Amino acid sequence: MHRYRRGPARALAVACLVGGATAGAATPPSDDRGFFEPGHWRLALSPYSLHFAPSEEHKPVYAVALEWQRDDGWLWGGSYFSNSFGQPSGYLYLGQRLEGVSWAPQFFAQWTGGLMYGYRGKFEDKVPLNNNGFSPGLLLSVGWAFDKRFSTQMNLLGSAGLMWQLSYDFR
């Protein structure tokens, strides 16, 4: 079992994570309409996750998320999930969906970064930079839009595994 170090290096690691995650990103939305206009709500459900290194301690992982996506691709939201050890957990995030390429307009990539809560007690060291259950979170995803409302995507859960997701856009 890998244990993450605690101490003064934690602040530096968080600063590098936040700085690195935003260094190459596009400029965040700044118009006077705010995060709500124009855009749409999305409901996402994750019925299955695959662990890269399964353990007898692992439990099934399920998630539900609600997010607001602006028409310019920026999004924010929250997710409630049962983590790999059966603990109720949450993730609040900001991110961006990059849609379509010339050869496959249904394809998209997405990233989100934010704050995760969960992984407490004896599982505290299962995620990096955890402090009393709180840790930074980063999800990288690729997906396929079947039409304007239904899509599926695969979320990379760090070095732990993959999570399959189904989404419905309220347009």
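Since we're looking at a predicted model, the values are computed, not measured.

Description of unusual backbone geometry
Item 1. At Tyr119, a position not held by glycine, the phi torsion is positive, near 50°.
Item 2. The residue Tyr119 is located in the loop between β5 (104–117) and β6 (134–145) in this model.
Item 3. Of note, Asn132 is a non-glycine position whose phi angle comes to about 55°, a positive value.
Item 4. Here Asn132 is to be found in the loop between β5 and β6.
Item 5. The exposure class of Asn132 is exposed, given its relative accessible area of 60%.

Quick notes on the packing of aromatic side chains
Item 1. Enumeration according to the criterion identifies 10 aromatic pairs in this entry.
Item 2. Here Trp41 and Trp68 contribute two aromatic rings whose centre-to-centre distance is 5.1 Å and whose plane-to-plane angle is 70°, an arrangement assigned as edge-to-face. Here Trp68 lies in strand β2 (residues 63–70) and Trp41 lies in strand β1 (residues 39–51), a separation of 27 residues in the sequence.
Item 3. Their ring planes at 50° and their centres at 4.6 Å tell us that Tyr117 and Phe134 sit as a pair that is tilted. Of this pair, Tyr117 sits in strand β5 while Phe134 sits in strand β6; the two residues are 17 residues apart in sequence, bridging distant segments of the chain.
Item 4. Accessibility expressed as a relative area gives 33% for Tyr117, which makes it partly exposed.
Item 5. With relative accessibility at 42%, the residue Phe134 sits in the partly exposed group.

Looking at the pairing of strand β4 (residues 88–101)
Item 1. In the sheet, strand β3 (residues 74–82) pairs with β4 via nine bridges, with the strands oriented antiparallel. Residue pairing in the sheet places Phe81 in a bridge with Ser89 of β4.
Item 2. Taken together, β3 and the strand that follows it, β4, pair antiparallel across an intervening segment of five residues, in which Gly86 is found at a positive phi of about 80°.
Item 3. What sits between β4 and β5 in their antiparallel hairpin is a turn of two residues.

The rules behind each value
- Residues numbered from 1 in each chain as written.
- Predicted model: local features only at pLDDT ≥ 70, side-chain atom pairs only at ≥ 80, totals over all residues.
- Heavy atoms only, no water.
- Helix = DSSP H or I, 4+ residues; strand = E, 2+ residues; numbered from the N terminus.
- Buried < 20%, exposed > 50% of the residue type's maximum accessible area, 1.4 Å probe, protein only.
- Phe/Tyr/Trp six-rings, centres within 6.5 Å; stacked < 30°, edge-to-face > 60°.
- Pairing = 2+ DSSP bridges.

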